[in-house]
Amino acid sequence: MKSIRFRLLVWILSGVAILFAVAGSCIYFAFRYELVSEIDDELQQARKVIYNVFENDSLKPGVFVKGGTPRKRLRFREEERWREFDYEDGELFYQLRDTGGEVLLRSTSLAERTIEAPKKLSDPRKPVSLELADGTLLRARIDYANSGQWPEPFRERIRSEESQIEIIVARDTSETGQTLSFLLAGIWIAGILAAGATVIFVTVALRQGLSPLYELGADAAKVDASRLSDRFNDKDLPSELRPICEQLNHLMERLENSFDRERRFSSDLAHEMRTPVTEVCNLAEAAVLFPEKVPAGQYRKILATGKGMRGIVESLLFLSRSEKGAADIEVERIDLAEVVAECLQPYAARAVEKNLVVEIAILPGNFLSTDLNLFRNILNNLISNAIEHSPSGGLVKLEGIETSSEIPIGLSISNPVVEMNSAEVDLLFDRFWRKDQVRSSTTHCGLGLSVARACAEAVSMKLEAVIKGSRIQFDLRFEN
Amino acid sequence: MRVLIVEDSQYIRESVALVLRESGYAVDESEEGRDGLWKAESNSYDVIILDIMLPGLDGLSALKKLREGGHQTQILILSARDTIDDRIRGLREGADDYLVKPFDLGELLARVEALCRRGYMKKNPLHEVGGLTINRHAKTVSLNGQAIEMTAREYAILEFLVLRQGEVVSRTEIEAHVYDEHVSPVSNVVDKSICVLRKRLSESNKSAPIIQTRRGQGYIIETESA
């Protein structure tokens, strides 16, 4: 599942579970430590009490004689709490054994049970956990009479009878274990409940928190080709979503511009094709209806219109091929001045007719390495435009663009222009765009500059237009 | 019927004009918006065929000016603009019909005929006056069931008089609606044509002449009750 809600839920739930596990463990072990410490303190005190009992001569040395009778019980007169040693169901125990393992003395609470101490103790001063034969769990402190831990008078007495006595003071920890089990169960139940509550809370919180995202998605789903002018409202959005909203609005703007251009292209294409199609159909229909009335030149008109349509189709096919990078390119070394003069020739009569001055500023012997046919196509379109759109008596200028070492890197063509602004210059290379919205010209259909730019890109050149005062200048240069 | 074509495409204009002329219409042509508007304001046309994208003055502006000037001429827009919005705009500006390029010349002719009928509030292409029957669709004339041959110009004059049945129609009006701009206003082509028309009709009808002259006023085809 790839939903953000599910991912966040998994992460948050995992985090909560880890935190709860850590917290639960800390609580459990702290509580356990506290309980065990209390027991250990109690055992330490019990041990001291037993010392005192010995020191107060409440027990004679003779009682420790192996197999001797009677075996006296220790008497704890001072504090009521130590009487638990003497209850049959008491939870405090003591036991004295000789080195042979025979129990010399044990508390009433221990009954006939025997506490088996481990043979080796890592640290004799530390209490250990033991288990009686009947499964009763104990916490015990084990001492030895000659270990040096006993007070001097007591140690002397012991020595006189036995070389070493094992003395164990212990407490039943079953109740503590039960308490800890309850605590652990409580922690588990609380953890499960907390996890459930977290799932519910996080789900609701995420639903609430992500609602602006859903709303944004719903708004985006409403967008279609007819609503590209709509924009996403970022006023009520959370700050995290605003950058996304801004990017979406930029995307919408770009889409709207692209759609506008496509619509304009489709509309222009339809118009550019409708008129010549109508001409051909009407000329032919009139010739069929009234053959005797049709002038002799009717077929030439149909042919001229057909050629115009063929030109449009070929230009569009060329643009389509060049977009796919399928234009055939054959690079050769061409003389710039020679090609410019050759391309100008067909327009010389029209330039004279419009009383235009054509100025060429290209050094002879300058060579370019490019595809001759595509370069000619570019020049033909640029020169044709310059001659056609210059007002009468204007100056058309063709200049070589050179580096400091006089190496030609391109060509610039400029001519006077009437009423053209920068916004219109941006549209110059759009397919079928014409300054003349009436589209009455039959020699230009608005594809020339698109084709010229496509040709330039095909030979790794860049074609740009810029308005300089009352003139428009087209710069054609190699990109690198 | 007199028609003005305002269309910048020479080939379309010529083709439409040829077909209309051969169908008996008097046709004037214009290739530019301002010139078209001037002709429309200066002459009395039954139908104006108007392109939208015209040099000088666009068709919609010319249409608006004509309607603002009180001209009631039937106007058919002929355009490559084919969207619903374009059609709605054209019709709302005051056009009576809208035809998208490319179009069939036969359809254009039928629409021009329909507009002419609408202009004279006649929906039926068959008109009968006494024993005279003219079929405006087939461009035929018969008198008492007998077909009468006549030229397109003669038919146009008769059709115009029949459409204005009961009204006195002056020579100037006939010139304006039946002849194009190339006919000299001082010529007596109308009188000559009426004379020839009467002759053709009288050959098949021995009763009172169908077309009567009102001296100093013009010509009239009386209604049957009169």
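None of the values given here were measured: they were computed from a predicted structure. (Residues numbered from 1 in each chain as written. Chains lettered and ligands numbered in written order. Predicted model: local features only at pLDDT ≥ 70, side-chain atom pairs only at ≥ 80, totals over all residues. Heavy atoms only, no water.)

Details of the overall build of chain B
And step 1. When helices and strands are counted, chain B shows 8 helices and 11 strands.
And step 2. Out of the 226 residues in chain B, the part that is buried amounts to 50%.
And step 3. Counting only carbon and sulfur atoms, one obtains 47% of the accessible surface of chain B, whose full area is about 10400 Å². (Helix = DSSP H or I, 4+ residues; strand = E, 2+ residues; numbered from the N terminus. Buried < 20%, exposed > 50% of the residue type's maximum accessible area, 1.4 Å probe, protein only. Areas by Shrake-Rupley, 256 points an atom, 1.4 Å probe, with all protein chains shown as cover.)

A short note on the overall build of chain A
And step 1. Across its full length, chain A carries 10 helices and 12 strands.
And step 2. Counting only residues that meet the buried cut, chain A has 38% of its 480 residues in that class.
And step 3. The long-range fraction of contacts in chain A, counting pairs at least 24 apart against all pairs at least 6 apart in sequence, stands at 64%.
And step 4. Per element, the accessible surface of chain A, about 27600 Å² overall, is 55% carbon and sulfur. (Contact = heavy atoms within 4.5 Å.)

A closer look at empty space enclosed by the protein
All names here are of chain B.
And step 1. For the coordinates displayed, the defined rule picks out 3 cavities of 30 Å³ or more.
And step 2. Reported here for the second largest cavity is a volume of approximately 40 Å³.
And step 3. Taken together, Val 6, Gly 33, Gly 36, Leu 37, Ala 40, Ile 48, Leu 50, Ala 62 and Leu 66 make up the lining of the second largest cavity.
And step 4. Taken together, the elements giving at least two residues each to the lining of the second largest cavity come down to helix 2 (33-42), strand 3 (47-51) and helix 3 (59-68). (1 Å grid on protein atoms, 1.4 Å probe; cavity = no way out; pocket = protein on both sides within 12 Å on 5 of 7 lines; lining within 4 Å. Points joined across faces, edges and corners; volume = space filled by probe spheres on them.)

Side note on the confidence of the model for chain B
The predicted structure's coordinates, where accompanied by low pLDDT, should not be read in detail.
And step 1. On average, chain B scores 85 in pLDDT, and the residues at 70 or more come to 93%.
And step 2. Overall fold confidence (pTM) sits at 0.55, and the ipTM for the predicted complex is 0.71. (pLDDT = per-residue confidence, 0-100.)

Some thoughts on the pattern of salt bridges
And step 1. Applying the stated criterion to the full structure yields 35 salt bridges over all chains.
And step 2. Across the salt bridge formed by Arg 141 of chain A and Asp 143 of chain A, the nearest N and O atoms sit 3.8 Å from each other.
And step 3. You can call Arg 141 of chain A buried: its relative accessible area is 9%.
And step 4. In this structure Asp 143 of chain A comes out as buried when scored by relative accessible area, which is 1%.
And step 5. In this structure, the salt-bridge partner of Arg 171 of chain B is Asp 191 of chain B, at a minimum N-O distance of 2.4 Å. Remark: Asp 191 of chain B occurs in helix 8 (residues 189-204) and Arg 171 of chain B occurs in helix 7 (residues 171-178); sequence separation between them is 20 residues.
And step 6. Three or more residues are tied together by salt bridges with common partners; here these are Glu 42, Glu 91 and Arg 171 of chain A. (Salt bridge = Lys/Arg side-chain N within 4 Å of Asp/Glu carboxyl O.)

Considerations on the packing of helix 2 of chain B against helix 3 of chain B
Residues and elements named next belong to chain B.
And step 1. One way to put it is that helix 2 packs onto helix 3 with a least axis distance of 10 Å and a crossing angle of 20°. Between helix 2 and helix 3, the interaxial angle falls into the category roughly parallel. Pair helix 2 / helix 3 crosses with right-handed handedness. Seen from helix 2, the contacting residues are Leu 37, Ala 40 and Glu 41; seen from helix 3, they are Ala 62, Lys 65 and Leu 66.
And step 2. Along the lines of polarity and charge, the residues of the contact of helix 2 with helix 3 split into 4 nonpolar, no polar and 2 charged. (Axes fitted to C-alpha atoms, helices over the stretch in contact; angles between N-to-C directions. Parallel < 35°, antiparallel > 145°, perpendicular 65-115°, else oblique. Left-handed = near helix turned anticlockwise from the far one by under 90°. Nonpolar A, V, L, I, M, F, W, Y, C, P; charged D, E, K, R; others polar.)

Looking at the side chain of Ser 23 of chain B
Residues and elements named next belong to chain B.
And step 1. Note that Ser 23 resides in the loop between helix 1 (10-22) and strand 2 (26-30).
And step 2. Among the polar contacts made by the side chain of Ser 23, one reaches the main-chain carbonyl oxygen of Val 19 at a distance of 2.8 Å.
And step 3. Excluding residues that lie within four positions of it along the chain, Ser 23 makes contacts with Leu 109 and Lys 139. (Polar contact = N/O pair within 3.5 Å; in protein donor to acceptor, adjacent residues only side chain to side chain.)

Observations concerning unusual backbone geometry
Residues and elements named next belong to chain B.
And step 1. Following Lys 101, the chain continues into Pro 102 via a peptide bond in cis, with omega recorded as -5°.
And step 2. For Pro 102, the location among the structural elements is in the loop between strand 5 (97-100) and helix 5 (105-119).
And step 3. Not every positive phi belongs to a glycine, and Asn 144 is a case in point at roughly 55°.
And step 4. Following the sequence through the fold, Asn 144 ends up in the loop between strand 8 (140-143) and strand 9 (146-148).

Remarks on the pairing of strand 11 (residues 461-468) of chain A
All names here are of chain A.
And step 1. Direction of pairing for strand 11 relative to strand 12 (residues 471-478): antiparallel, over a ladder of 8 bridges. Paired with Met 461 across the strands is Phe 478, a residue of strand 12.
And step 2. Turn length for the strand 11-strand 12 hairpin, with the two strands adjacent in sequence and antiparallel, is 2 residues, and the turn residue Gly 469 shows positive phi of about 65°. (Pairing = 2+ DSSP bridges.)

Here's the deal with helix 3 (residues 174-222) of chain A
All names here are of chain A.
And step 1. Taking 1.5 Å of rise per residue, the 49 residues of helix 3 would be expected to cover 72 Å, and the 69 Å separating its terminal C-alpha atoms lies within 8% of that figure.
And step 2. At Leu 210, helix 3 shows its largest bend, some 45°, and a proline, Pro 212, comes one to four positions later.
And step 3. Looking only at helix 3, the buried set comprises Thr 176, Leu 180, Ile 187, Gly 191, Ala 194, Thr 198, Val 202, Leu 206, Leu 210, Pro 212 and Leu 216. (Expected span 1.5 Å × (residues − 1). Bend = angle between axes of the 7 residues up to and from the residue.)

Looking at the packing of helix 4 (residues 242-289) of chain A against helix 1 of chain B
And step 1. Between helix 4 of chain A and helix 1 of chain B, whose axes approach to 8 Å, the crossing angle comes to 30°. Between helix 4 of chain A and helix 1 of chain B, the angle is such that the two are roughly parallel. Where helix 4 of chain A crosses over helix 1 of chain B, the handedness of that crossing is left-handed. Of the residues in helix 1 of chain B, those touching helix 4 of chain A at Thr 275, Thr 278, Glu 279, Asn 282, Leu 283, Ala 286 and Leu 289 of chain A are Tyr 11, Ile 12, Ser 15, Val 16, Leu 18 and Val 19 of chain B.

With respect to the interface of chain A and chain B
And step 1. With 21 residues of chain A at the interface, the matching set in chain B holds 22 residues.
And step 2. There are 3 salt bridges connecting chain A and chain B.
And step 3. When the shortest N-O distance is used, the salt bridge between Glu 22 of chain B and Lys 293 of chain A registers 3.9 Å.
And step 4. Viewed at the interface, chain B and chain A are joined by 8 residue pairs in polar contact (both at pLDDT 80 or more).
And step 5. Counting only elements with at least two residues in the side of chain A that touches chain B, the list comes to helix 4 and helix 5 (298-323) of chain A.
And step 6. Sort the elements by how many residues they give to the side of chain A that touches chain B and helix 4 of chain A lands first, with 11 residues.
And step 7. Its residues assigned to classes, the side of chain A that touches chain B comprises 8 nonpolar, 7 polar and 6 charged.

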